[in-house]
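# Coordinates in review
Spelled out, the chains give:
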Amino acid sequence: GENVEQHPSTLSVQEGDSAVIKCTYSDSASNYFPWYKQELGKRPQLIIDIRSNVGEKKDQRIAVTLNKTAKHFSLHITETQPEDSAVYFCAQTRYNNNDMRFGAGTRLTVKP
Amino acid sequence: DTGVSQNPRHKITKRGQNVTFRCDPISEHNRLYWYRQTLGQGPEFLTYFQNEAQLEKSRLLSDRFSAERPKGSFSTLEIQRTEQGDSAMYLCARGADGNTIYFGEGSWLTVV
């Protein structure tokens, strides 16, 4: 599998504001793009994912967009809350490839 | 509950010693993965099992690392002659629909 670049590495927002994290990839055959949230000392937890046959997916306050042409996908969190503070990882892989590649993570801090 | 139990949760060992981690999927899962996560980084793929067959191994997996999944149920990851660079969290994950994976709580290894 190919690696994925994730930006920014840290992000600080005020409670109620929106947060956006972006990832770029190089493997044009990639077709599955999950996002994980990891709180300190805990496991990465799947929060949302998107497959290449759609351009956007939303689940309450979180959404993911995918631009296959530009090879990037983004996580959007609206109306942020302090409990959204965590490290977020994007990942990507292709069908039948079991080597899922993760970004280096974004540390999100939501200030009350 | 991710359906994956790992133990021990924490292990401190002296350099040169062998350690073994165990992963127990709570119910039947054909696909089982091991990942490693060091501080400040995303998870890195180590190896993948389809039932009892180890189908993929990362180049990161040196000869000191060995994984097994007898009978296609629980899995073990053994590290021989541990080095300080092996200090990390070792994550077991189960596969779900498509390429989706869910991580267990992880096993922290500290090599002193």
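Residues numbered from 1 in each chain as written. Chains lettered and ligands numbered in written order. Predicted model: local features only at pLDDT ≥ 70, side-chain atom pairs only at ≥ 80, totals over all residues. Heavy atoms only, no water.

### Section: the overall build of chain A
Helices and strands together make up the secondary structure of chain A, namely zero helices and 11 strands. Listing every helix and strand of chain A by position from the N terminus yields β-β-β-β-β-β-β-β-β-β-β. A buried classification covers 46% of the 112 residues belonging to chain A. Long-range pairs, those at least 24 residues apart, make up 55% of the contacts in chain A between residues at least 6 apart in sequence. About 5,500 Å² of surface is accessible on chain A, with carbon and sulfur atoms providing 44% of the total. Positive and negative side-chain charges of chain A, numbering 14 and 13 respectively, have mean locations separated by a distance of 4 Å. (Helix = DSSP H or I, 4+ residues; strand = E, 2+ residues; numbered from the N terminus. Buried < 20%, exposed > 50% of the residue type's maximum accessible area, 1.4 Å probe, protein only. Contact = heavy atoms within 4.5 Å. Areas by Shrake-Rupley, 256 points an atom, 1.4 Å probe, with all protein chains shown as cover. Lys, Arg positive; Asp, Glu negative; His and termini not counted. Charge placed at Lys NZ, Arg CZ, Asp CG, Glu CD.)

### Focus on the overall build of chain B
Helix and strand counts for chain B stand at zero helices and 11 strands. Seen in sequence order, chain B has helices and strands lined up from the N terminus as β-β-β-β-β-β-β-β-β-β-β. Relative to the compact-globule value of 13 Å for 112 residues, chain B shows a C-alpha radius of gyration of 13 Å, a close match. Counting only C-alpha atoms and orienting by the principal axes, one finds that chain B spans roughly 40 × 25 × 20 Å. Looking at chain B as a whole, 48% of its 112 residues are labelled buried. Within chain B, counting contacts between residues at least 6 apart in sequence, those at least 24 apart form 52% of the total. In the form shown here, chain B has an accessible surface area of approximately 5,600 Å², with 44% of it arising from carbon and sulfur atoms. Here chain B contributes 14 positively and 13 negatively charged side chains, and the mean placements of these two sets differ by 6 Å. (Rg over C-alpha atoms; globule rule 2.2 N^0.38 Å.)

### Comments concerning the interface of chain B and chain A
Each partner contributes to the interface: chain B provides 24 residues, whereas chain A provides 22 residues. Summing both sides of the interface, chain B and chain A together bury roughly 1,700 Å²; the carbon and sulfur share of this comes to 50%. Applying the counting criterion to the chain B and chain A interface returns one salt bridge. Where chain B touches chain A, the interface holds 10 residue pairs in polar contact (both at pLDDT 80 or more). Counting residues per element, the ones that place at least two in the side of chain B that touches chain A are strand S4 (31-37), strand S5 (44-50), strand S9 (88-95) and strand S10 (101-103) of chain B. Ranked by residues supplied to the side of chain B that touches chain A, first place goes to S4(B) with four residues. Along the lines of polarity and charge, the residues of the side of chain B that touches chain A split into 11 nonpolar, nine polar and four charged. (Buried area = accessible area lost by both parts, 1.4 Å probe. Salt bridge = Lys/Arg side-chain N within 4 Å of Asp/Glu carboxyl O. Polar contact = N/O pair within 3.5 Å; in protein donor to acceptor, adjacent residues only side chain to side chain. Nonpolar A, V, L, I, M, F, W, Y, C, P; charged D, E, K, R; others polar.)

### So, the nonpolar core
Residue and element names in this part refer to chain A. One finds Trp 35, Phe 73, Leu 75, Ile 77, Tyr 88 and Leu 108 to be the most contacted residues of the largest nonpolar core, which totals 22 residues. Listing elements by their share of this core, those giving two or more residues are strand S2 (10-14), strand S3 (19-25), strand S4 (32-38), strand S5 (45-51), strand S7 (62-67), strand S8 (72-77), strand S9 (86-92) and strand S11 (106-111). Per-element accounting of this core gives the leading share, four residues, to S3. Setting aside chain neighbours within four positions, we find Phe 73 in contact with Val 4, Ile 21, Lys 22, Cys 23, Tyr 25, Phe 33, Pro 34, Trp 35, Thr 65, Leu 66, Cys 90 and Ala 91. (Core = buried A, V, L, I, M, F, W, Y, C linked by side-chain atoms within 4.5 Å.)

### Some points on the sheet that holds strand S1 (residues 4-7) of chain A
Sheet strands pair by backbone hydrogen bonding; their relative direction is either parallel or antiparallel. Residue and element names in this part refer to chain A. If you walk across this open sheet you meet the five strands as S1-S3-S8-S7-S6, and the pairing is antiparallel. Of all strands in the sheet, those with a lone pairing partner are S1 and strand S6 (56-59), marking the two edges. The mean angle between the axes of side-by-side strands here comes to 15°, regardless of whether they run parallel or antiparallel. (Pairing = 2+ DSSP bridges. Axes fitted to C-alpha atoms, helices over the stretch in contact; angles between N-to-C directions.)

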